[in-house]
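Single-letter residue listing:
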Amino acid sequence: MIRYIIIVISSCLFSSVTLAQLEVSGSFHNLSKPNGGPVSTGDIIEIRAVISVPKFTDITRLRYTDVVPAGTVYMPNTLKAITNEGVYGGLIGNTGVYTDVAGDDRGTVTGTDIQINIGDAAGNGTAATDGGNVSGGVTVPRYQDRATIIQAAYQVQVTAATDGSVALGGTFRYRNSSSADIINNVPARTLTILPELSCNGQGFTNFIAAESGGTFGNGTAQNRGSSANAIDFSYTPITMWTPDDGSYTIIKNSSPTQYTGGSPGLTDKVFGIWDIAGDHTGTYDGLGNPPAGNGANGGYMLLVNASYAPNSIFSTTVTGLMANTTYTLSFWLRNICAMCGYNPATGDPDPSPGVRPNLAFEVNGLDLYTTGDLNYTGQWVEKSFTFNSGLLTSANITIKNNAPGGGGNDWQLDDISITSCLSILPVKISDFNGSYVNRGVRLVWKAEGINEVESFIVEYSNDGKEFKEAGIQKVISGAKNYSFIHDRLPVNKTYYRLKNISKKGTPVYSGIIIVRTGGEIPQQIRLINNPSGPIPTFSVSSDKEEDADVAITDMAGKTHVNFRQRCIAGTTGFTLPAGRRLSPGVYIVRFNFSGKQINKRLVVTAQ
């Protein structure tokens, strides 16, 4: 098969001129949240440090040392050496799980000091001479004959409190032709300890301005060109042999020949094996858009072939945020290779996906979230994370590759967004609406899960940025429906939000609604949480009070739900009539109001 001669030759510094450079980096995997999430108190994380030794590079006395981070406790007997895919043992030399005791194997824990000896002929103690020997591309575990890639790893449980931090580091020590140790520190990173929040609906405004609002734009050319927001990776146009390890491209069709049919040949695929797919913008499920053909207009997406050592890929500065407001970052990912694995014992191709993509989300240099490993499914997968802005009104946002490359870890990225969160679970705010009445503005909302909430502070703003207090509504035991009158003269547009104060004094903010008088509001329909559970939530913006007829049909045209919803002049949030639920499947939601019809595609998953 041609895949046996498809060889990626770049090193982890992403160009041929750096082929012989050795690289180290670090990552962490949250074992308590394998499907993604923040690091929280009590979570068990595996701290990993990778070293990539390229062909024609020989080193001796290789060992990894670290100190168990403050704010964690070491999990006994979890020292290990693993491949780039995170596996060990069997016929894979120089890998395995080690005890904490010195003198019996390659790992040792002394107090909080850790040492793992790596490579051929590695010893079983803590002396410098106990480190092993590595010949790049020859010593196992290896990637083809291009490099030896190995990770040192151990597990800890987080004891740091919420809003605390855990600093990761570590050091590789080795020698080459010199008689002195070379010290190569793993780049430091800081994990912020956060609770896991669930957003119950997102606002309309995307605060990601870069790259056409995170969609990467559209066009007729196959290769769009490089991105000013792509960092630590090199740009290359798509061909059958590129992007290679440590490179990216921005394209509308992941086929180098812009193939759109049903029976592609090997030359129609990158390396003869990558998926052929279009972008995701404008779709709401894992299918995405079909690939656009030669000369046809299509949406662009970021296509990445990961570097041997984990590194950052996308960075942008976000402005216009509000302090102490809850936001959700979301993006769509696709693992594009089902057969990119390599046998680490032989260096030969292996019919498996190989290294699974795993991305980390960083704000102002602090790691807040990881996606978990993304299995190959042949479809797009949405990942999201909800966080509170604290005192920030602007921030640098960085998306980082959190796993090594070298066989696998090939992926597409599209539709990056940061939106305000309409309501946070377990405090669920729904049907938050506002309208002008004789005495001012009347706000209504429904609240559930408010056992720990003491009161709602109603806040308003004329510009959506600077908010003032309008008044306080105390929580009433057993009550779900609330209303509040803001006595003020009408203005063209007023922004409102609710600040939920818990009995512990912790504030959580609702999403923002806009109450207007005069002028015209563009009619908008939004499906909150799409894909959703069996009871989806909708949001409608209108310039007048009117009834909307809502019909939900399946793809065969059968009507499952049909009802009429009263909509106010402004934004109305609502869900299905009481007692109605949708089975898993794909539906068309038809809204009829103001003499016109708006259709939305809805995906319901089993929940």
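Overview of the structure.

About the criteria used
- Residues numbered from 1 in each chain as written.
- Predicted model: local features only at pLDDT ≥ 70, side-chain atom pairs only at ≥ 80, totals over all residues.
- Heavy atoms only, no water.
- Disulfide = S-S within 2.5 Å.
- Buried < 20%, exposed > 50% of the residue type's maximum accessible area, 1.4 Å probe, protein only.
- Pairing = 2+ DSSP bridges.
- Helix = DSSP H or I, 4+ residues; strand = E, 2+ residues; numbered from the N terminus.
- Salt bridge = Lys/Arg side-chain N within 4 Å of Asp/Glu carboxyl O.
- Phe/Tyr/Trp six-rings, centres within 6.5 Å; stacked < 30°, edge-to-face > 60°.
- Lys NZ or Arg CZ within 6 Å of the ring centre and 35° of its normal.
- Axes fitted to C-alpha atoms, helices over the stretch in contact; angles between N-to-C directions.

## Some details on the state of the cysteines
Considering all chains together, one arrives at one disulfide under this definition. With a sulfur-sulfur separation of 1.9 Å, Cys-337 is cross-linked through a disulfide to Cys-340. Across the S-S bond of Cys-337 and Cys-340 the torsion is about 90°, and the bridge reads as right-handed. The burial state of Cys-337 is the same as that of Cys-340; both residues are buried.

## Details of the pairing of strand β43 (residues 559–567)
The pairing of strand β42 (residues 546–554) with β43 spans eight bridges and is antiparallel. If you follow Asp-549 over to β43, its bridge partner there is Arg-564. Hairpin connection of β42 to β43: four residues between the antiparallel strands, including Gly-557 at a positive phi of 95°.

## Description of the pattern of salt bridges
Within the structure shown, the criterion is met by 16 salt bridges. Between Lys-33 and Asp-43 there is a salt bridge whose closest N-O contact spans 2.5 Å. Here Asp-43 lies in the loop between β1 (23–30) and β2 (44–54) and Lys-33 lies in the loop between β1 and β2, a separation of 10 residues in the sequence. No difference in accessibility class separates Lys-33 from Asp-43, as the two residues are buried. Among the ionic contacts, a cluster of salt bridges with common partners joins Arg-189, Glu-362, Asp-367 and Lys-400.

## Quick look at the packing of aromatic side chains
For the structure shown, the criterion picks out 16 aromatic pairs. Their ring planes at 80° and their centres at 5.4 Å tell us that Phe-271 and Trp-274 sit as a pair that is edge-to-face. The exposure classification of Phe-271 matches that of Trp-274, with both residues buried. Summarising the aromatic geometry, the rings of Tyr-369 and Phe-385 are spaced 5.1 Å apart at their centres and angled 20° between planes, so their arrangement reads as stacked. With a gap of 16 residues between them, Tyr-369 in strand β27 (residues 366–370) and Phe-385 in strand β28 (residues 381–388) connect regions that are remote in the sequence. Here Tyr-369 matches Phe-385 in class, with each residue buried. Three or more aromatic residues joined by ring pairs make a cluster, and in this case those are Phe-207, Tyr-327, Phe-361, Tyr-369, Phe-385 and Phe-387. A cation sits over an aromatic face here: Arg-497 above Phe-467, 4.2 Å from the ring centre.

## Some thoughts on the sheet that holds strand β19 (residues 247–251)
With mixed pairing, the six strands of this open sheet are ordered in space as β18-β19-β21-β30-β23-β28. Sheet topology places β18 (234–235) and β28 at the edges, where each strand pairs with a single neighbour.

## As for the pairing of strand β30 (residues 410–420)
With respect to burial, β30 is a largely interior element, 11 of its 11 residues being buried. Bridge count between strand β21 (residues 301–305) and β30: four bridges; the pairing is antiparallel. Looking at the pairing, Leu-303 lines up with Gln-412 of β30.

## A word on the sheet that holds β27
Read across the open sheet, the six strands follow the order β12-β15-β27-β26-β29-β22; overall the sheet is mixed. In the strand order of this sheet, the two ends are held by β12 (165–168) and β22 (312–318), each with one partner. Ignoring strand direction, the axes of neighbouring strands in this sheet form an average angle of 30°. Pairing analysis gives six bridges linking β22 to strand β29 (residues 395–401), with the strands arranged antiparallel. Counterpart to Thr-317 in the pairing with β29 is Asn-396.

## Some remarks on the environment of Cys-340
The topology assignment puts Cys-340 in the loop between β23 (326–335) and β24 (341–342). Judged by its relative accessible area of 6%, Cys-340 is buried. The sequence separation of Cys-340 and Asp-410 amounts to 70 residues, and the corresponding C-alpha distance is 8.5 Å.

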